[in-house]
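Observations on the model geometry
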Amino acid sequence: MQNWQRRILLFVLGGMLVASGMAGASSTEVSGPAPDFTLVDRSGQPVSLSELKGQVVLINFWATWCGPCRKEMPLLEQLYSRYEALGFTLLGVNVEEGDVNAEAFLAETPVSFPILFDPENRVSKLYDVSAMPSTVLVDRQGNMRFLHHGYQDGYENIYQDQIRQLVRERG
């Protein structure tokens, strides 16, 4: 088994454990600068985290083979729509090697927030993604504030509370 195949298998197994309730999803307060990165979006344009300084940014690492990721996507779209006007943005970072599966999924489940592609898992490694989905909330100053591994029903309410907290903060 090649290294990339092992990585996918671990992500799938981790997602299955979280979805089945055998492994708890976790939420943690964190601190420190969010590592900067640049990835291309669906139209091939580069998007850099540093360009978004001054906004609250939710970075969601996801894949189409991850059931909880698929379930969470429409809920993320609702959050994006609700808080975008308040200086909030959301970056969906797809971690699959190609974009074909992501594009097919997004045709069925459209979103208006930027979808970025990390086919070599460079940014996933930078953020030490160990479960799918993984979500990081970054404040207006570019600091990581909250980290979520996995997804369980109701997490969108926690995200909403944290987004509200960060949007209210003025740097």
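Structure shown above.
Here's what I pulled together on the structure shown here. (Residues numbered from 1 in each chain as written. Predicted model: local features only at pLDDT ≥ 70, side-chain atom pairs only at ≥ 80, totals over all residues. Heavy atoms only, no water.)

As a further point, take the packing of aromatic side chains. Across all of its chains, the model carries six aromatic pairs by this definition. Look at Phe37 and Tyr127: their rings are 6.0 Å apart centre to centre, the planes differ by 85°, and that puts the pair in the edge-to-face class. Separated by 90 residues along the polypeptide, Phe37 in the loop between strand E1 (26-29) and strand E2 (38-41) and Tyr127 in the loop between helix H4 (122-126) and strand E7 (134-138) bring together distant segments of the chain. For the residue pair Phe37 and Tyr127, the accessibility class agrees, reading buried in each case. Between the aromatic rings of Tyr155 and Tyr159, the centroid separation amounts to 6.1 Å while the plane-to-plane angle is 75°, which identifies the pairing as edge-to-face. Residue Tyr155 and its partner Tyr159 are both found in helix H5 (residues 155-168); the two are separated by four residues, about one turn of the helix. The pair Tyr155 / Tyr159 is uniform in exposure class, with both members buried. Aromatic rings pair up to connect Phe37, Phe61 and Tyr127 into one cluster. (Phe/Tyr/Trp six-rings, centres within 6.5 Å; stacked < 30°, edge-to-face > 60°. Helix = DSSP H or I, 4+ residues; strand = E, 2+ residues; numbered from the N terminus. Buried < 20%, exposed > 50% of the residue type's maximum accessible area, 1.4 Å probe, protein only.)

Okay, the pairing of strand E8 (residues 144-149) next. Counting buried positions along E8 yields six of six residues, so the element is predominantly enclosed. In this sheet, E8 lies alongside E7 in antiparallel orientation, the contact comprising five bridges. Counterpart to Leu137 in the pairing with E8 is Phe146. What sits between E7 and E8 in their antiparallel hairpin is a turn of five residues, with Gly142 showing a positive phi close to 90°. (Pairing = 2+ DSSP bridges.)

Under the 1.5 Å per step criterion, the end-to-end length of H5 is 20 Å for 14 residues, consistent within 8% with the ideal 20 Å. Listed in full, the buried residues belonging to H5 are Tyr155, Glu156, Tyr159, Gln160, Gln162, Ile163, Leu166 and Val167. (Expected span 1.5 Å × (residues − 1).)

This brings us to the packing of helix H2 (residues 67-83) against H5. Two elements in contact, H2 and H5, have axes whose closest approach is 11 Å; the angle formed by their N-to-C orientations is 25°. Taken together, the axes of H2 and H5 lie roughly parallel to each other. H5 is crossed by H2, and the crossing has right-handed handedness. Across the interface between the two elements, Glu72, Leu75, Leu76, Leu79, Arg82 and Tyr83 from H2 touch Glu156, Tyr159, Gln160, Ile163 and Arg164 from H5. Taken together, the residues of the contact of H2 with H5 break down into six nonpolar, one polar and four charged. (Axes fitted to C-alpha atoms, helices over the stretch in contact; angles between N-to-C directions. Parallel < 35°, antiparallel > 145°, perpendicular 65-115°, else oblique. Left-handed = near helix turned anticlockwise from the far one by under 90°. Contact = heavy atoms within 4.5 Å. Nonpolar A, V, L, I, M, F, W, Y, C, P; charged D, E, K, R; others polar.)

So, about the side chain of Ser48. Along the polypeptide, Ser48 turns up in strand E3 (residues 46-48). Contacts of Ser48, omitting those with residues within four sequence positions, involve Asp36, Phe37 and Thr38.

Quick look at the pattern of salt bridges now. Summed over the entire model, instances satisfying the criterion amount to four salt bridges. In this structure, the salt-bridge partner of Glu103 is Arg42, at a minimum N-O distance of 2.6 Å. Of this pair, Glu103 sits in helix H3 (residues 100-108) while Arg42 sits in the loop between E2 and E3, and the two are 61 residues apart along the sequence. The class of Arg42 is partly exposed, set by a relative accessible area of 39%. When the shortest N-O distance is used, the salt bridge between Arg145 and Glu169 registers 2.8 Å. Here the residue Arg145 occupies a position in strand E8, and Glu169 occupies one in the segment after H5, the gap between them amounting to 24 residues. (Salt bridge = Lys/Arg side-chain N within 4 Å of Asp/Glu carboxyl O.)

Purely geometric stuff here, so don't read any function into it on its own.
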